[in-house]
Amino acid sequence: MKIGNLEIEVPIIQGGMAIRASMSRLAGAVAREGGIGLVAGSAIGIEELKSEIIKAKEYMGERAGAIGVNVMVAVSNFEEAVNASIDAGAELIVCGAGFSKGVFKIGKERNIPIFPIVSSVKGAKLSERLGATAIVVEGGNAGGHLGTDLDSWDIVKDIVEAVNIPVFGAGGVIEPEDAKRMLDLGAVGVQMGTRFIATTECEVGDEFKEMYVNTKKGEVVEIASCAGLPANAIVSPFVDRLRAGTQERPTKCVQCLKKCDHTFCVSEKLVEGHEGDLENGIFFAGKDVWKIKDIISVKEVFERFRPVFEGR
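Residues numbered from 1 in each chain as written. Predicted model: local features only at pLDDT ≥ 70, side-chain atom pairs only at ≥ 80, totals over all residues. Heavy atoms only, no water.

### Describing the overall build of the chain
The criterion, for reference: In DSSP terms, a helix is any run of H or I states spanning at least four residues, a strand is any run of E spanning at least two, and both are numbered starting from the N terminus. Based on C-alpha atoms, the radius of gyration is set beside the globule rule, defined as 2.2 Å times the residue count to the power 0.38. Only protein chains enter the calculation, and the probe is 1.4 Å; a residue is then buried if its accessible area is under 20% of its type maximum, exposed if over 50%, and partly exposed in between. The contact rule is simple, with two residues in contact once any of their heavy atoms fall within 4.5 Å. Computed by Shrake-Rupley with a 1.4 Å probe, the accessible areas treat only the displayed protein chains as cover when residues are assessed. His is not counted, nor are the chain ends, whereas Lys and Arg count as positive and Asp and Glu as negative. Lys charges are placed at NZ, Arg charges at CZ, Asp charges at CG and Glu charges at CD.
Of regular secondary structure, the chain possesses twelve helices and 13 strands. Scaling as 2.2 N^0.38, a compact globule of 312 residues should have a C-alpha radius of gyration of about 20 Å, and the chain matches this with 18 Å. The dimensions of the chain, computed from C-alpha atoms along their principal axes, are 50 × 40 × 40 Å. Across the 312 residues of the chain, 59% fall into the buried class. For the chain, contacts bridging at least 24 residues in sequence account for 64% of all contacts bridging at least 6. Carbon and sulfur atoms form 48% of the exposed surface of the chain, whose accessible area is close to 12800 Å². The chain carries 36 positive and 44 negative side-chain charges, and their two centres are separated by 4 Å.

### Some words on the sheet that holds strand β12 (residues 220–224)
For clarity, the threshold we go by: Should DSSP find at least two bridges between two strands, the strands are regarded as paired. Angles here are taken between N-to-C directions and fall from 0 to 180 degrees, while the axes themselves are lines fitted to C-alpha atoms, restricted in helices to the stretch in contact.
Pairing is antiparallel across the open sheet formed by three strands, whose spatial order is β9-β13-β12. Of all the strands in the sheet, just β9 (144–145) and β12 have a single pairing partner and so form its edges. Across two bridges, the pairing between β9 and strand β13 (residues 230–234) is antiparallel. Of the residues in β13, the one forming a bridge with Gly 144 is Asn 232. Against the sheet, helix α10 (residues 237–244) makes contact with β12 and β13, and its axis sits at roughly 50 degrees relative to β12, the strand it touches most.

### Concerning the packing of aromatic side chains
In plain terms, the rule: Aromatic rings from Phe, Tyr and Trp, with only the six-membered ring used for Trp, were paired whenever their centres fell within 6.5 Å, and each pair was classed as stacked if the ring planes differed by under 30 degrees, edge-to-face if by over 60, and tilted otherwise. Distance and angle both matter: a charge sits over a ring if NZ of Lys or CZ of Arg is within 6 Å of the ring centre and within 35 degrees of the ring normal.
Summed over all chains, the structure comprises six aromatic pairs. Plain terms: the ring middles of Phe 196 and Phe 302 are 6.3 Å apart, the flat faces sit at 40 degrees to each other, and that makes the pair tilted. Of the two residues, Phe 196 sits in helix α8 (residues 194–197) while Phe 302 sits in helix α12 (residues 298–309), which places them 106 residues apart along the sequence. Taken as a pair, Phe 196 and Phe 302 share a single burial class, namely buried. By way of ring pairs, the aromatic residues Phe 208, Tyr 212 and Phe 283 are connected into one cluster. Sitting above the plane of the Tyr 59 ring, Arg 32 keeps its charged end 5.1 Å from the centroid. For Arg 181, the ring lying beneath its charged end belongs to Trp 153, and the centroid distance is 4.1 Å.

### Focus on the environment of Val 173
Within the element layout of this structure, Val 173 appears in the loop between β10 (167–170) and α7 (176–184). On a C-alpha basis, the gap between Val 173 and Gly 68 in space is 20 Å, while along the polypeptide they are 105 residues apart. Beyond its immediate chain neighbours, meaning those up to four positions away, Val 173 contacts Asp 178, Ala 179, Met 182, Val 190, Gln 191, Met 192, Arg 195 and Phe 305.

### Describing the packing of helix α1 (residues 24–32) against helix α2 (residues 46–60)
To keep things clear, this is the line we draw: By convention the crossing between two helices is left-handed if the near helix lies anticlockwise of the far one by an angle smaller than a right angle, and right-handed if it lies clockwise. Under this grouping Gly is polar, as are all residues other than the nonpolar Ala, Val, Leu, Ile, Met, Phe, Trp, Tyr, Cys and Pro and the charged Asp, Glu, Lys and Arg.
One can describe the packing of α1 onto α2 by two numbers: an axis separation of 8 Å at closest approach and a directional angle of 35 degrees. At the point where α1 passes α2, the crossing takes the right-handed sense. Two secondary-structure elements touch here, α1 through Ser 24, Arg 25, Ala 27, Gly 28, Ala 29, Ala 31 and Arg 32 and α2 through Glu 52, Lys 55, Ala 56, Tyr 59 and Met 60. By residue class, the composition of the contact of α1 with α2 is six nonpolar, two polar and four charged.

### Quick word on the side chain of Lys 269
For Lys 269, the position within the fold is in helix α11 (residues 266–274). A relative accessible area of 6% places Lys 269 in the buried class. Other than its neighbours up to four places away in sequence, Lys 269 contacts Phe 238, Gln 247, Phe 264, Asn 280, Gly 281 and Ile 282.

In structure tokens form, the structure reads like this:
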């Protein structure tokens with residue numbers, strides 16, 4: 001499949017999950033199987049980001065995939081991280097958690113595809129006018145920072161019909177039949193984050209992966225992130241304290257976000273979660289994480305999903 005100047009074999013984007021969940025090993029493995037692997041470029045050092053991109057491309061080899069970077073618009077060094085990613089060889093930029101007009105200018109000047117994450121027809125149309133190569137439509141059933149309360153199944157079709165550029169559906173894609181459902185709504189492909197956490201190549205702690213496997217239906221709740229956007233997280237001691245209003249506020253700040261209400265440090269809590277701190281960490285996940293029953297390799301994920309796209 002050709003999208004802009006990208007040639008990809010399988011239209012699966014691996015979600016860019018910060019902090020240090022989507023790194024070189026995971027992104028490279030996805031690209032090696034013919035998909036789009038994303039390094040999460042939010043709230044990590046610029047030199048570390050560049051190094052991870054280079055390592056991901058080396059791991060990818062000569063397969064028909066691509067290595068990109070996901071950067072949250074909400075981070076304070078957004079444009080610096082985008083430019084650094086391109087300098088290091090990223091083949092596309094995916095950006096969400098806010099909207100940036102400036103990133104499209106960078107895309108045009110540097111001939112790099114820009115895939116914004118949007119949650120409305122308005123956002124999709126604006127992205128197309130500004131020069132987006134493709135868009136990722138993310139519903140409120142996804143993990144991370146969200147732009148709508150509506151599930152992806154309720155918004156993808158309307159957005160597909162409103163624009164003339166490729167659309168990838170995100171949110172609720174855990175099993176092959178979910179991907180088929182997205183394609184039936186008119187999407188050319190899917191973005192999956194939650195499914196890729198529970199893979200051997202993902203560099204989070206085993207406790208984090210096991211939490212995904214053990215989570216039951218209804219155990220994902222919406223919280224208010226300090227970044228000013230809602231997010232879905234697995235019920236945990238930290239989430240319980242946050243929702244009860246008993247979680248202590250942070251005493252230090254590295255100003256990683258453009259705007260922060262300082263109810264908690266999302267960077268710190270994500271790192272603690274990814275390292276397996278079940279008491280203090282936060283565990284973002286899509287609402288359908290309960291469907292995950294095993295931890296498998298990226299190759300096995302593609303073996304399960306590849307037939308959905310054949311002949312499309």
